[in-house]
Amino acid sequence: MRARMSHLIPACAGEENWVDSRTVYIGHKEPPPGAEAYIPQRFPDNRIVSSKYTFWNFIPKNLFEQFRRIANFYFLIIFLVQLIIDTPTSPITSGLPLFFVITVTAIKQGYEDWLRHKADNAINQCPVHVIQHGNVVRKQSRKLRVGDIVRVKEDESFPCDLILLSTSRDDGTCFVTTASLDGESSHKTYYAVQDTKAFNTEEAIDTIHATIECEQPQPDLYKFVGRINIYLARDEPVARPLGSENLLLRGATLKNTEYIYAVAIYTGMETKMALNYQSKSQKRSAVEKSMNSYLIVYLCILIGKALINTILKYVWQANPNRDEPWYNQRTESERQRHILIRAFTDFLAFMVLFNYIIPVSMYVTVEMQKFLGSYFITWDDDMFDEELDTGALVNTSDLNEELGQVEYVFTDKTGTLTENNMEFIECCVDGHVYVPHAICNGQVMAAAAGIDMIDSSPDAESREHEELFFRAVCLCHTVQVKEEETVDGIKRGIHQGKATSFYISSSPDEVALVEGMKRLGFTYLRLKDSHMEILNREDEIERFELLEVLNFDSVRRRMSVIVRSNTGEYYLFCKGADSAIFPRIVSGKVDQVRARVEHNAVEGLRTLCVAYKKLSHIEYEEVCHLLNSAKLALQDRDKKLSEAYDTIERDFILLGATAVEDRLQDKAADTIESLHKAGMKVWVLTGDKMETATATCYASKLFRRSTQILELTTKRTEEQSLHDVLHDLSHTVLHHHGSMIRDTFSGLSNEFQDYGLIIDGATLSAVLKPAPEGGGGASGGNYKEIFLEICRNCSAVLCCRMAPLQKAQIVKLIKASKEHPITLAVGDGANDVSMILEAHVGIGIMGKEGRQAARNSDYAIPKFKHLKKMLLVHGHYYYIRIAELVQYFFYKNVCFIFPQFLYQFFCGFSQQPLYDTAYLTLYNISFTSLPILLYSLIEQHINMDILKKDPSLYRDIAKNSLLRWPIFIYWTFLGVFDAVVFFFGAFFLFDNTTFTSNGQLMTTNTQMMFGNWTFGTLVFTVLVFTVTLKLALDTHYWTWINHFVIWGSLLFYVIFSLLWGGIIWPFLNYQRMYYVFMQMLSSGPAWLSIILLIMVSLLPDVVKKVLCRALWPTTTERIQVSAAGSTLHSPQGPYRGKRIICFCFFSQPVLLSKTEKRANRAFSPDSFSVQNREKGK
């Protein structure tokens, strides 16, 4: 056994997880005797399991997860207390609401898991074709094992992660689309192992004798490290490196290749796709945090109530006559029980009696509101993109209301603000500028069909450089030529009149450059048999053998190819960012090219520099040895490859530079301007160079012409120390106002100078670098705080030359600042995923850089312009709806339970319930639940068109303004006031009582039968009507469904009460509510009293609204009044010529349409159009 394999072998079965790599035996064949020990390893089968539960563990596992929620666990404890001790209310009163919440949640989660089971079974039972003993055997996908050789045909998906052995193509390549993994629809090229590509039949592939050593499964889709050892006769095995170009991922699809043979290396839940679908960290919204804070307050109130009543009970019972009245003597066991035990039991009984102040049903209502409300985003036609044929997606509904609280927006530039649709503009070779068509005095010359140059014609040497430049751009890329007539119904071709092929690449820049070269006379034809073919200006085909590709990465910011010409010369061509190329140049016209690059960057064009060097045969051999040794390494392969690339890519001769244009997305500038007006600070985080990014920022109105630009860049820190630069900038932004700190919105005010900050990645690293131990604040400890202070006083910030990790660091820095602002990150590429996951809300753009950002985001939108409606309309609505829902739930529960607390003072603290068991149980479930749920789904306090036109309205709800403590206290005191009115209003009605001739006790005032249940029913009736009408007063957007639910809920309460007390139910042991409700309604003064108490209860809130709107109106309230007035006084309005009394302080009339395009729009007012409203009545 070879020593190098020793680290792969586990000492025992239990240590398998510690092995950092695995050995796969192709076709399950043992290695030749003496080569290495055959140690079969156990791997999982190919079964995909995305479900959470099984049939057997669903109930216990789901219950365990639900009772981990504090509110559910609390109510379970209350329910158990009611079962164990003698409590004043039936266990049903707590058990039924809890059972309802648990059941609804379980059904929802169970249904979602059943769908996952269904999808899993469909995947696991798909047929796959496996090679066994030279024959093709068909089996189910779930039975596939690591080591099996699989045959996949064109347009089939790969059943697991595979290493490509051979293909139907002679060159051993195949084409694959990974749209289901990362959204990239382009065809990627994958390569078979050179020593196995000839084995392309069932009989031949079965004779392969080889093992694969590779890393253990890890989720990075674009990284793979391994090597294959091929045994030929009795010789030492041939080792070949394996990389991501050999790895076919599960879920990808084979294209333009008849068939392939590959070996399974990762199966089932160890495939990269399965590892990427694991759940992300849970994000919590500010509203949810407020809810938890309020629950703690109400829990303290509950404990305080129970404690006060327990103490007062024993104070009351200090008198023996009160302790044991003649009609309620204690038993002997009760007398002997210790007073502390009795007190604790009474305390628990009071806790049970008052526990309804904690609204358990609020959680299920909030969950339903978020789940159903998220559909309004997906249904919104304004956010549907016809070009992509897709609308907005909601990946998580837990953060809907957070869209209305955003203070910082972090956006990528390329593909997010810009279209990522590149167009070749020009190239510069040795100072000479080339464009696709000749331009003379602003006119395109008709004769210029092929190539033309601006500036003087070059000499012979320059001509040679020029052609070498064109060849370099035609060869240094990963573009593929797709041989199909049409794509998306559009014919695309290389040669005129021959619509047979077109260019595809994962990078739009590369396609633009190759197409630009074609327009300048050099056409890239194809890659065939490892040879790249170019059609030159003389229509001659030049062939270059492709020897090595040094792939692009975001750290190096360049890529290279090594080719051999027909004459046997070796060339290393390299293209990349100017910052990555210029330091490696030893000759060439650097100054002229640099000047042109800077000029193009200022114009907002994307620039790349192109360089080359010739290699001798010996140098090429050294390069091959360096690359192969790095590629064969199983440990730290990326690091060794990076070091090898750094050694190889040096001593270049500069050829020139290219410029491509990435146009600004439609309405991107308008969106950014609206976000600024809404009080949000917009930061652009990009990897582009400073000049290009700055030009884009001006075009997108991130920077205005009046903006004073502050630079915190490497160039400036080379002239001054970082400490001095930071203090100078800090002094600048604060100098105009002394030491006054500007608020979040001051950047838009005319009274302040508008500042914009530009910082690059290198300087940011220095700012974020932790201070050395023992260092003072001046030497580096305070850099972070000074930087934040500068940023806080700038209306916009541009961060350029940023690595993906730095984007996340910036977001994290702002999140952790002392204000703890709500952040939103938006991007379209894999390099934006880290900041999307870091931000409070992550939004992915479904762009051309793949769907990684969209997959990892909380929300996905087709274009950047849709962010405006997402935040200013949907975010605004979601927040005001859920804020009202939360406050209203606490309010109505205070109204519900505080009369019960007051009642104890009039019943000797005997724990007597005020309400009937049925009322206690159904209050939150039936009588008051639907109106607030509907309100939280369809309320529109302001028309959506006004919200879009006036972004400043977003400021009215900023910083969780509707859930601040003063507002919470107001709602609580309003609930207490209403409860006092209910209780004492009803109490005074029962003040004078007389006995009738048949011995019944009647009230003198209302001629009602006097008793505990009559009193409680009267209070409860006023309660239900008051809290429901309070919600009606708060409703601005009235639809037929509002009327149906609000008045229907009240009608249901009346009908239920009539049936509950009007029929003798056989399943009840006693019926204390019999005839109570009907007898109460038979009294005329009782009706008047109910109406009077409801009006008195609602009066303070109405007065408060009127006074606030008259004396201190918010922007929202002004618009509500003006909108209501314009609707009523419009000469074309439906109310023309009619006398109208409108209570503008609580309601805004809204017109509805009778028909909508979609049936569900009856429940989705967020998508109603202005035109439809005007047509409706």
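Bear in mind that the values here come from a model prediction, so they are computed numbers and not experimental data.

## As for the overall build of the protein chain
Argument step 1. Tallying secondary structure elements over the protein chain gives 39 helices and 41 strands in all.
Argument step 2. Sorting the 1177 residues of the protein chain into buried and exposed places 53% on the buried side.
Argument step 3. Counting contacts in the protein chain only where the partners sit at least 6 residues apart, residues at least 24 apart contribute 72% of the total.
Argument step 4. If you sum the accessible surface of the protein chain, you get close to 52800 Å²; carbon and sulfur atoms cover 57% of it.

## Observations concerning the UniProt feature "active site" (unreviewed entry) in the protein chain
Argument step 1. According to UniProt, the positions carrying the feature "active site" (unreviewed entry) are Asp412.
Argument step 2. Checked against the element boundaries, aspartate 412 lands in the loop between strand S15 (408-411) and strand S16 (418-429).
Argument step 3. The buried category is assigned to aspartate 412, whose relative accessible area is 4%.
Argument step 4. Dropping the residues within four chain positions of it, aspartate 412 is found in contact with Leu417, Leu685, Thr686, Lys807, Val826, Gly827, Asp828, Asp832 and Met835.
Argument step 5. A polar contact is formed between the side chain of aspartate 412 and the side chain of lysine 807, at a distance of 3.3 Å.

## Details of the packing of aromatic side chains
Argument step 1. Scanning all chains against the criterion turns up 63 aromatic pairs.
Argument step 2. Where phenylalanine 376 meets tryptophan 379, the ring centres are 5.9 Å apart and the plane angle is 45°; that geometry is what we call tilted.
Argument step 3. Its relative accessible area of 1% is what places phenylalanine 376 among the buried residues.
Argument step 4. Clustering of aromatic rings is evident, with ring pairs tying together Tyr356, Phe896, Tyr915, Tyr919, Tyr923, Phe927, Phe1020, Phe1052, Tyr1053, Phe1056, Trp1060 and Phe1077.
Argument step 5. The ring centre of tryptophan 971 lies 4.6 Å from the NZ or CZ of lysine 1030, which sits over that ring.

## Brief notes about the nonpolar core
Argument step 1. Val886, Phe896, Tyr915, Tyr919, Phe1020 and Leu1023 are the most contacted members of the largest nonpolar core, which has 95 residues in total.
Argument step 2. Considering every element that reaches this core, the biggest residue donor is helix H29 (residues 866-903), with 18 residues.
Argument step 3. If near-sequence neighbours (up to four positions away) are discounted, tyrosine 919 is found in contact with Phe896, Phe927, Thr1017, Phe1020, Tyr1053, Phe1056, Ser1057, Met1073 and Phe1077.
Argument step 4. Within the second largest apolar cluster, 46 residues are counted, among which are Ala693, Cys697, Leu867 and Ile938.

## A short note on the side chain of threonine 416
Argument step 1. Locating threonine 416 in the fold gives a position in the loop between S15 and S16.
Argument step 2. Threonine 416 has contacts with Thr411, Gln665, Val826, Gly827, Asp828, Ile845 and Phe864, leaving out every residue within four places of it along the chain.

## Digging into unusual backbone geometry
Argument step 1. Phi is positive for histidine 133, close to 55°, though the residue is something other than glycine.
Argument step 2. Relative to the elements of secondary structure, histidine 133 occurs in the loop between strand S2 (127-132) and strand S3 (135-140).
Argument step 3. Here histidine 133 falls in the exposed class, since its relative accessible area comes to 72%.

## Remarks on the side chain of threonine 1035
Argument step 1. Relative to the assigned elements, threonine 1035 resides in the loop between helix H34 (1012-1034) and helix H35 (1040-1062).
Argument step 2. A polar atom in the side chain of threonine 1035 sits 2.8 Å from the backbone oxygen of leucine 1031.

## Points about the environment of aspartate 161
Argument step 1. Take aspartate 161: it is sitting in strand S5 (residues 161-167).
Argument step 2. Each residue touching aspartate 161, except ones within four places of it in the same chain, is listed here: Leu247, Leu248, Leu249, Arg250, Val263, Ala264, Ile265, Tyr266, Thr271 and Lys272.
Argument step 3. Within the local environment of aspartate 161, its side chain forms a polar contact with the backbone nitrogen of arginine 250, the two atoms lying 2.8 Å apart.

## Observations regarding the pairing of strand S9 (residues 226-230)
Argument step 1. With respect to burial, S9 is a largely interior element, 5 of its 5 residues being buried.
Argument step 2. Neither face of S9 is open: one carries Gly226, Ile228 and Ile230, the other Arg227 and Asn229, and all of them are buried.
Argument step 3. Here strand S8 (residues 210-215) runs beside S9; their pairing, made up of 5 bridges, is antiparallel. Looking across to S9, one finds that alanine 210 is bridged to isoleucine 230.
Argument step 4. Summarising the sheet, S9 and strand S10 (residues 238-242) pair through 5 bridges and their orientation is antiparallel.

## A few points about the pairing of strand S35 (residues 755-760)
Argument step 1. Within S35, 6 of the 6 residues are buried, which leaves the element mostly enclosed by the surrounding structure.
Argument step 2. Judged by which residues are buried, S35 turns out to be covered on both faces: Tyr755, Leu757 and Ile759 on one side and Gly756, Ile758 and Asp760 on the other are all buried.
Argument step 3. The sheet contact formed by strand S34 (residues 708-712) and S35 spans 5 bridges and is parallel. Within S35, the position partnered with isoleucine 709 by the bridge is glycine 756.
Argument step 4. As defined by bridge partners, S35 adjoins strand S36 (residues 796-800) across 5 bridges and the pair is classed as parallel. Counterpart to glycine 756 in the pairing with S36 is alanine 796.

## Focus: the pattern of salt bridges
Argument step 1. Within the structure shown, the criterion is met by 44 salt bridges.
Argument step 2. Where lysine 313 meets aspartate 346, a salt bridge forms, and the shortest distance between an N and an O atom there is 3.2 Å. Taken together, the positions of lysine 313 in helix H7 (residues 286-316) and aspartate 346 in helix H10 (residues 339-354) put the pair 33 residues apart, joining distant regions of the chain. Each member of the pair, lysine 313 as well as aspartate 346, carries the same accessibility label: buried.
Argument step 3. Across the salt bridge formed by aspartate 1034 and lysine 1105, the nearest N and O atoms sit 2.9 Å from each other. With aspartate 1034 in helix H34 and lysine 1105 in helix H37 (residues 1084-1111), the pair connects residues that are 71 residues apart, well separated along the chain.

## Considering the sheet that holds S5
Argument step 1. One open sheet holds the 6 strands; their spatial order is S3-S2-S4-S13-S5-S11, and the pairing between them is antiparallel. Two strands close off the open sheet at either side, each with one partner strand: S3 and strand S11 (247-248).
Argument step 2. Relative to strand S13 (residues 259-266), strand S4 (residues 149-153) runs antiparallel, the two sharing 5 bridges. The residue bridging isoleucine 149 from the neighbouring strand is valine 263, located in S13.

## Some words on the confidence of the model for the protein chain
Argument step 1. Per-residue confidence for the protein chain gives a mean pLDDT of 79; residues scoring 70 or more make up 81%.
Argument step 2. This model gives residues 438-456 a pLDDT under 50, and the stretch forms 29 contacts once residues within four places in sequence are excluded.
Argument step 3. Confidence drops under a pLDDT of 50 for residues 1128-1177, and excluding neighbours within four residues, the segment shows 89 contacts in the predicted structure.

## Side note on helix H3 (residues 91-124)
Argument step 1. Look at H3: 47 Å from first C-alpha to last across 34 residues, which is about the 50 Å you get at 1.5 Å a residue.
Argument step 2. Those residues of H3 that sit buried are Thr93, Ser94, Gly95, Pro97, Leu98, Val101, Ile102, Thr105, Ala106, Asp113, Asp120 and Asn124.
Argument step 3. Elements in contact with the buried residues of H3: helix H1 (58-66), helix H2 (70-84), S3, helix H11 (361-373) and helix H30 (917-927).

## Overview of a nonpolar patch on the surface
Argument step 1. A cluster of nonpolar side chains, Phe73, Ile77, Leu80, Leu83 and Ile84, forms an exposed patch at the surface whose accessible area comes to about 490 Å².
Argument step 2. Its place among the elements puts isoleucine 84 in helix H2.
Argument step 3. Using a relative accessible area of 70% as the deciding quantity, one classes isoleucine 84 as exposed.

Rules behind the numbers
Residues numbered from 1 in each chain as written. Predicted model: local features only at pLDDT ≥ 70, side-chain atom pairs only at ≥ 80, totals over all residues. Heavy atoms only, no water. Helix = DSSP H or I, 4+ residues; strand = E, 2+ residues; numbered from the N terminus. Buried < 20%, exposed > 50% of the residue type's maximum accessible area, 1.4 Å probe, protein only. Contact = heavy atoms within 4.5 Å. Areas by Shrake-Rupley, 256 points an atom, 1.4 Å probe, with all protein chains shown as cover. UniProt positions renumbered as here; feature names shortened; annotations may be inferred. Polar contact = N/O pair within 3.5 Å; in protein donor to acceptor, adjacent residues only side chain to side chain. Phe/Tyr/Trp six-rings, centres within 6.5 Å; stacked < 30°, edge-to-face > 60°. Lys NZ or Arg CZ within 6 Å of the ring centre and 35° of its normal. Core = buried A, V, L, I, M, F, W, Y, C linked by side-chain atoms within 4.5 Å. Pairing = 2+ DSSP bridges. Salt bridge = Lys/Arg side-chain N within 4 Å of Asp/Glu carboxyl O. pLDDT = per-residue confidence, 0-100. Expected span 1.5 Å × (residues − 1). Patch = residues over 30% accessible without salt bridge, like charges linked within 9 Å, V, L, I, M, F, W, Y side chains within 5 Å.

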